[in-house]
Amino acid sequence: MSSLCKHGRNKEAREVFDSMSAKGQKPDVISYSILLHAYANEGMMDDAMLIFKEMTHKEVKPNVVTYSTVIAVFCRMGQLDCAMNIFSQMINHGIPPNEAVYHCLIQAFCCQGDLVKGKELISEMIDKGMRPNNVFFGSIIKGLCRKGRAMDAQDIFDFIIRIGLHPNVIMFSSLIHGYCLVSKMDEAMKILHAMKSAGLQPNVVVYGTLVNGYCKTGRIDNALSLFHEMSLKGVKPTNLVYKVILGELLLAGRVVVAKEKFNEMVGSGILVSAATYNTFLSGLCTNDCSEEAIMLFKKTHAGNVKIDIRTLDIMIAEMFKTRRTEEAKDLFASISVIGLIPSVETYHIMMTYLIKEGMLDDADTVFSTMQKTGCPLNSRLLNYVVRVLLERGEIVRAGNYLSKIDEKNFTVEASSIELLISFFSKETCRKRVELLPASISFLWKLATIDTSHVSLYPPETLVLFVMNHDGYATVSS
DNA sequence: ATAGGGTTAG
């Protein structure tokens, strides 16, 4: 039964359980507890409670594990009063609660109830001779911090120091993270100092948390100085810390420093993830350093720098933007050679730029390749393609992609409709409306009626056309 | 069989 439950096969476990009863065997406390726990784990709280009730009927005495599981069930459902009832019940039945039971309750009271009651229970368990450890408190502090309750986490933190425990690096970093989450960077820094005073050496997670916190609050120079302090202390920044700081530097337009940091990272020999590399490359591009990005990309293929499909997306787009159409096409062609798979985004970039370059047949070829490879089509791509085609006056091709939208039951986005309307409002283009697929061509009349928010078309079929505020057009009759 | 630590994710 135990192994069945472990593999999520609760139904079979239940069958084993039932067959035991059928054979006249009386399931023991452990069997009941296993089943109870399995149900609780799957969120089937009602079934779990039925098992618990069944035990009392069959006169199987719940033990500490059974109670603990039931208490956990109530705590998870946020029914703390019920949890406390079970807690009293077990004490009345002469079963002393253990650490697991206290942990459940304390965690629940601290994170979703009364902090004072939580602390009361902590004192109670200490009085009973149990020594809650750092792991135990760590999860409570994390739970509070996750909810943005850094001050309450601090309260518990101070409390455990008062009762003579020594928080470790992990607990300090949890609390620091808690303050970072609510943008209280000064408080977070106080904790860093407290940590140093306690004789603990901040590690890369602590520094990384703070660097990230400073970045997210726009205090990039503070982030940089911590970054510096970290290196001085011999704490090696990880790829992720670099990613955070590079992203932020480039967002702030600090290209020179970003380049320094990038070179430093590559030079240090750590593995540079594709995500970090992409952050750097796209940051360069948004800071008008496309040429540099392209040069870098061409030389950094090997070594400790990883690439992924997103890297190629960025570079293909950049090559188009810098009029390197052939190189863009070559790069696209090389994707499968490198062993990567183009994403919808890749196809999106290829098609829209090819159309903008007037290479319409190439764009169609890319589209059919996409269909052949089974890459899932999305509405955004089709709408985008329709718009760039319309902008070039390519009605027939736009019509083809509009039919695809229809076929797939996607929505024609409001901006696509707007473009259709403004295109066909031009006297010279009006007649070309018949080049559109029938399902779409009705739109041209809209242009002559009303292009604002609500229009009625055509009067004889009463079709209501509404431009939603979320940017989608809906047509209903 | 019960509770059960940390930072950044296009």
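Per an unreviewed UniProt entry, chain A goes by the name Pentatricopeptide repeat-containing protein and belongs to Eleusine coracana subsp. coracana.

K.L.:
Mind showing me how you'd approach the overall build of chain A here?
P.N.:
A count of helices and strands for chain A gives 28 helices and three strands. The C-alpha radius of gyration of chain A comes to 32 Å, more than 25% above the 23 Å expected for a compact globule of 477 residues. Oriented by its inertia axes, the alpha-carbon framework of chain A measures out at about 90 × 65 × 45 Å. Taking all contacts inside chain A whose residues are at least 6 apart in sequence as the whole, residues at least 24 apart take part in 59%. Here chain A has roughly 23,500 Å² of accessible surface; of this, 55% comes from carbon and sulfur atoms. On chain A, the mean spot of the 51 positive side-chain charges and the mean spot of the 50 negative ones are 3 Å from each other.

K.L.:
For this particular structure, what's the right way to read helix 24 (residues 395-407)?
P.N.:
Along an α-helix, residues three or four positions apart point the same way, because every turn accommodates 3.6 residues. If you check helix 24, its first and last C-alpha atoms are 18 Å apart, about what 13 residues at 1.5 Å a residue would give, namely 18 Å. Among the residues of helix 24, those classed as buried are I395, R397, A398, G399, Y401, L402 and I405. Phi turns positive, to about 65 degrees, at N409, one or two residues after helix 24.

K.L.:
Whenever I open this one, the domain arrangement of chain A confuses me. Can you help?
P.N.:
Where interface size is given, it is often the accessible area lost as the parts come together that is meant. By domain assignment, chain A separates into domain 1 (309-371) and domain 2 (377-477). Contact residues are listed per partner, giving 16 residues for domain 1 and 14 residues for domain 2. Of the roughly 1,400 Å² buried where domain 1 meets domain 2, counting both sides, 65% is carbon and sulfur surface. The tally of links from domain 1 across to domain 2 stands at three salt bridges.

K.L.:
What is the right way to read the packing of helix 13 (residues 204-216) against helix 15 (residues 239-251) from this model?
P.N.:
In helix packing, the relevant descriptors are the interaxial angle and the interaxial distance, both defined with respect to the helix axes. Closest axis-to-axis distance for the helix 13/helix 15 pair is 10 Å, and the angle between their directions is 15 degrees. Between helix 13 and helix 15, the angle falls in the class roughly parallel. Every pair of crossing elements has a handedness; the one defined by helix 13 and helix 15 is left-handed. The segment helix 13 lies against helix 15, with V204, G208, V211, N212 and C215 engaging V241, V244, I245 and E248.

K.L.:
I would appreciate a short explanation of the pattern of salt bridges in the present structure.
P.N.:
Here the idea is simple: oppositely charged side chains can pair when their charged atoms come close. Summed over the entire model, instances satisfying the criterion amount to 25 salt bridges. In this structure, the salt-bridge partner of K190 is E187, at a minimum N-O distance of 3.4 Å. Residue K190 and its partner E187 are located together in helix 12 (residues 185-197), separated by three residues, close to a single helical turn. When its relative accessible area of 52% is taken as the criterion, K190 is described as exposed. Among the charged side chains, a network of salt bridges with common partners joins R14, D18, E54 and K58.

K.L.:
Explain the protein's contact with DNA strand B to me, please; I cannot follow it from the model alone.
P.N.:
Around DNA strand B, the structure places 35 residues, and the nearest of them are K142, I170, N203, L240 and A275. Of all DNA strand B atoms lying within 4 Å of any protein atom, the proportion belonging to sugar or phosphate reaches 49%. The side chain of N168 places a nitrogen or oxygen atom 3.4 Å from a base oxygen of DNA strand B. For the surface near DNA strand B, the element with the most residues is helix 13, which contributes six residues. Taken together, the residues of the surface near DNA strand B sort by class into 15 nonpolar, 17 polar and three charged.

K.L.:
Explanation requested: the packing of aromatic side chains in the structure shown.
P.N.:
Centre distance and the angle of the planes are the two values used to describe a pair of aromatic rings. Applying the stated criterion across every chain yields a total of ten aromatic pairs. Relative to Y102, the ring of F87 has its centre 5.6 Å away and its plane inclined at 75 degrees; by these criteria the two rings are edge-to-face. Within this pair, whereas F87 is found in helix 6 (residues 80-92), its partner Y102 is found in helix 7 (residues 99-112), the two being separated by 15 residues in sequence. For the pair F87 and Y102, one class covers both residues: buried. Centre to centre, the rings of F136 and F137 are 5.2 Å apart; their planes meet at 90 degrees, and the pair counts as edge-to-face. Its relative accessible area of 7% is what places F136 among the buried residues. What makes F137 buried here is its relative accessible area of 0%. Three or more aromatic residues joined by ring pairs make a cluster, and in this case those are F262, Y277 and F280. Of note, K356 hangs over the ring of Y353, and the distance from its end group to the ring centre comes to 5.3 Å.

K.L.:
Would you explain helix 10 (residues 150-162) in this entry?
P.N.:
End to end, helix 10 covers 18 Å across 13 residues, agreeing with the expected 18 Å (1.5 Å per residue, within 8%). Where helix 10 is concerned, the buried positions are A150, A153, Q154, I156, F157, F159 and I160. Lining the buried residues of helix 10 we find helix 7, helix 8 (115-127), helix 9 (134-146), helix 11 (169-181) and helix 12. Once helix 10 ends, the next one or two residues include G164, with phi positive near 95 degrees.

K.L.:
Help me out: how do you make sense of the UniProt feature "repeat: PPR" (unreviewed entry) in chain A in this one?
P.N.:
Under the UniProt annotation, the feature "repeat: PPR" (unreviewed entry) is placed at residues 1-27, 28-62, 63-97, 98-132, 133-167, 168-202, 203-237 and 343-377. Between the end C-alpha atoms of residues 168-202 there is a gap of 10 Å, over a span that is 74% helix and 0% strand. Helix makes up 77% of residues 343-377 and strand 0%, whereas the separation of the span's terminal C-alpha atoms amounts to 10 Å.

K.L.:
Just checking my understanding: could you explain the side chain of S173 for this structure?
P.N.:
Structurally, S173 is set in helix 11. The class for S173 is buried, based on a relative accessible area of 12%. In contact with S173, not counting residues within four places along its chain, are V205 and V206.

K.L.:
Just to check I follow, could you spell out the environment of K216 for this structure?
P.N.:
Among the secondary structure elements, K216 is positioned in helix 13. By relative accessible area, K216 is classed as exposed at 61%. Along the sequence, K216 and M90 sit 126 residues apart, while their C-alpha atoms lie 48 Å from each other.

K.L.:
Whenever I open this one, unusual backbone geometry confuses me. Can you help?
P.N.:
In terms of backbone geometry, most residues other than glycine have negative phi values and most peptide bonds are trans. At R323, a residue that is not glycine, the phi angle is positive and equals roughly 60 degrees. With respect to the helices and strands, R323 occurs in the loop between helix 19 (309-321) and helix 20 (325-338). We note that N409 has phi near 65 degrees; this positive angle belongs to a residue other than glycine. One can find N409 in the loop between helix 24 and helix 25 (414-425).

Rules behind the numbers
Here the residue numbers are simple positions, counted from 1 along each chain's written sequence. Chain labels run from A onward and ligand labels from 1 onward, assigned in the order the entries are written. Given that this is a predicted model, residues contribute local features only at a pLDDT of at least 70 and side-chain atom pairs are listed and counted only at 80 or more, while totals for whole chains, interfaces and linings are drawn from all residues. Note that the side-chain values use all heavy atoms of the structure and ignore hydrogens as well as water. A helix here means a DSSP run of H or I that spans at least four residues, while a strand means a run of E at least two residues long, and both kinds are numbered starting from the N terminus. This radius of gyration counts C-alpha atoms alone. The globule rule is 2.2 Å times how many residues there are, raised to the power 0.38. Residue contacts follow a heavy-atom distance rule, with two residues in contact if any of their heavy atoms lie within 4.5 Å. Accessible surface area values rest on a Shrake-Rupley calculation with a 1.4 Å probe, where residue burial reflects the displayed protein chains alone. Neither His nor the chain ends contribute to the count of charged residues, in which Lys and Arg are positive and Asp and Glu negative. A charged residue contributes its charge at one atom only: NZ of Lys, CZ of Arg, CG of Asp or CD of Glu. Expected span of a helix: the number of residues minus one, times 1.5 Å. Burial status follows relative accessibility: with a 1.4 Å probe on protein chains alone, a residue under 20% of its type maximum counts as buried, one over 50% as exposed, and anything between as partly exposed. The domain boundaries here were taken from an automatic or database domain assignment. The term buried area refers to how much accessible surface (probe radius 1.4 Å) is lost by two components on association, counted for both of them together. Salt bridges, as used here, are contacts in which a Lys or Arg side-chain nitrogen is within 4 Å of a carboxyl oxygen on Asp or Glu. Orientation is described by lines fitted to C-alpha atoms, with helices fitted over the stretch in contact, and by angles between N-to-C directions that extend from 0 to 180 degrees. For this classification, under 35 degrees means roughly parallel, over 145 means roughly antiparallel, 65 to 115 means roughly perpendicular, and everything else is oblique. For any pair of crossing helices, the crossing counts as left-handed if the nearer helix is rotated counterclockwise from the farther one by less than a right angle, and right-handed if it is rotated clockwise. Any residue with a heavy atom lying within 4 Å of a molecule or strand is counted as near it. Nitrogen and oxygen atoms within 3.5 Å of one another constitute a polar contact, given that in protein one can donate a hydrogen and the other can accept it, and given that sequence-neighbouring residues count only through two side-chain atoms. For this classification, Asp, Glu, Lys and Arg are treated as charged, while Ala, Val, Leu, Ile, Met, Phe, Trp, Tyr, Cys and Pro are nonpolar and the rest, including Gly, are polar. Stacked, tilted and edge-to-face are the three classes applied to pairs of Phe, Tyr and Trp rings, where Trp contributes its six-membered ring and a pair requires centres within 6.5 Å; stacked means planes under 30 degrees apart, edge-to-face means over 60, and tilted covers the rest. By the criterion adopted, a ring carries a charge over it if an Arg CZ or a Lys NZ lies within 6 Å of its centre and within 35 degrees of its normal. UniProt positions are given in the numbering used here, feature names are shortened, and annotations may be inferred rather than shown by experiment.

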